[in-house]
Amino acid sequence: QVYLVESGGGLVQAGGSLRLSCAASGRTFSSYAMAWFRQVPGKERDLVAAITWNTGRTWYAESMKGQFTISGDVPKNTVYLQMNSLKPEDTAVYYCAATQRQVLVPTRRENYDYWGQGTQVTVSS
């Protein structure tokens, strides 16, 4: 069994920053790609950012380029999301995801087989 455990969410004022972490644990697990998605009530779970470990290539949702940065520690099977200049509209539950499938462009929910439980990020105005 593989577990993804997120941490780092919370309440922050607009303009502030947060850093989310997600660590994969359980049986020996080596992911091909990891990503962050976010979801607000009544809406789809959307990609925030993704990274593939073999190339270090990253993808971002267009609206989040320059504001969020995804990075990771491969030996620790951990992915991070640095979120800066947060706005109230960034309020959502943020989910970590991982896949072992070698997807060329791993930006869709369907690309991922493992999910964390989600961490709430609330940005107050």
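Rules used throughout
Residues numbered from 1 in each chain as written. Predicted model: local features only at pLDDT ≥ 70, side-chain atom pairs only at ≥ 80, totals over all residues. Heavy atoms only, no water. Phe/Tyr/Trp six-rings, centres within 6.5 Å; stacked < 30°, edge-to-face > 60°. Helix = DSSP H or I, 4+ residues; strand = E, 2+ residues; numbered from the N terminus. Buried < 20%, exposed > 50% of the residue type's maximum accessible area, 1.4 Å probe, protein only. Lys NZ or Arg CZ within 6 Å of the ring centre and 35° of its normal. Pairing = 2+ DSSP bridges. Salt bridge = Lys/Arg side-chain N within 4 Å of Asp/Glu carboxyl O.

Engineer: For this particular structure, what's the right way to read the packing of aromatic side chains?
Structural biologist: Centre-to-centre distance and the angle between the planes together describe a pair of aromatic rings. Applying the stated criterion across every chain, the model contains three aromatic pairs. Arranged with centres 5.6 Å apart and planes meeting at 75°, the rings of Phe37 and Tyr112 form a pair that is edge-to-face. Separated by 75 residues along the polypeptide, Phe37 in strand E4 (residues 33–39) and Tyr112 in the loop between strand E9 (92–99) and strand E10 (114–115) bring together distant segments of the chain. Here the two residues Phe37 and Tyr112 agree in accessibility, since each one is buried. Judged by centre distance (6.4 Å) and plane angle (70°), the rings of Tyr112 and Trp115 are edge-to-face. On the accessibility criterion, Tyr112 (5% relative accessible area) is buried. Residue Trp115 is classed as partly exposed on the basis of its relative accessible area, which comes to 27%. The ring of Tyr80 is capped by Arg19, whose NZ or CZ atom sits 4.0 Å from the centre of that ring. Sitting over the ring of Trp115, Arg45 keeps its end group 5.0 Å from the ring centre.

Engineer: What is the right way to look at the pairing of strand E5 (residues 46–52) in this model?
Structural biologist: When a strand is regular, its side chains alternate between the sheet's two faces. Counting buried residues along E5, six of its seven residues qualify, which places the element largely inside the surrounding structure. Pairing geometry for E4 and E5, over six bridges, is antiparallel. The partner of Met34 across the bridge, within E5, is Ile51. With three bridges connecting them, E5 and strand E6 (residues 58–60) associate as antiparallel partners. For Ile51, the partnering residue across the bridge sits in E6 and is Thr58. Adjacent in sequence and paired antiparallel, E5 and E6 are bridged by five residues, among which Gly56 carries a positive phi angle near 75°.

Engineer: Explain unusual backbone geometry to me, please; I cannot follow it from the model alone.
Structural biologist: Peptide bonds are trans in most cases, and residues, glycine excluded, mostly fall at negative phi. Of note, the phi angle at Asn77 is positive, near 50°, even though the residue is not glycine. As for its placement among the helices and strands, Asn77 is situated in the loop between strand E7 (68–73) and strand E8 (78–83). When its relative accessible area of 11% is taken as the criterion, Asn77 is described as buried. For Ser85, which is not glycine, the phi dihedral falls at a positive 50°. Looking at the element boundaries, Ser85 is found in the loop between E8 and E9.

Engineer: Could you clarify how one ought to interpret the pattern of salt bridges in this entry?
Structural biologist: Oppositely charged side chains can form a pair if their charged atoms are brought close together. Under the definition given, this model contains six salt bridges. For the salt bridge of Glu62 with Lys65, the shortest nitrogen-to-oxygen distance reads 3.1 Å. Since its relative accessible area comes to 62%, Glu62 is described here as exposed. For Lys65, a relative accessible area of 48% corresponds to the partly exposed category. Its salt-bridge partner being Asp113, residue Arg101 comes within 2.9 Å of it at the nearest N-O pair. Taken together, the positions of Arg101 in the loop between E9 and E10 and Asp113 in the loop between E9 and E10 put the pair 12 residues apart, joining distant regions of the chain.

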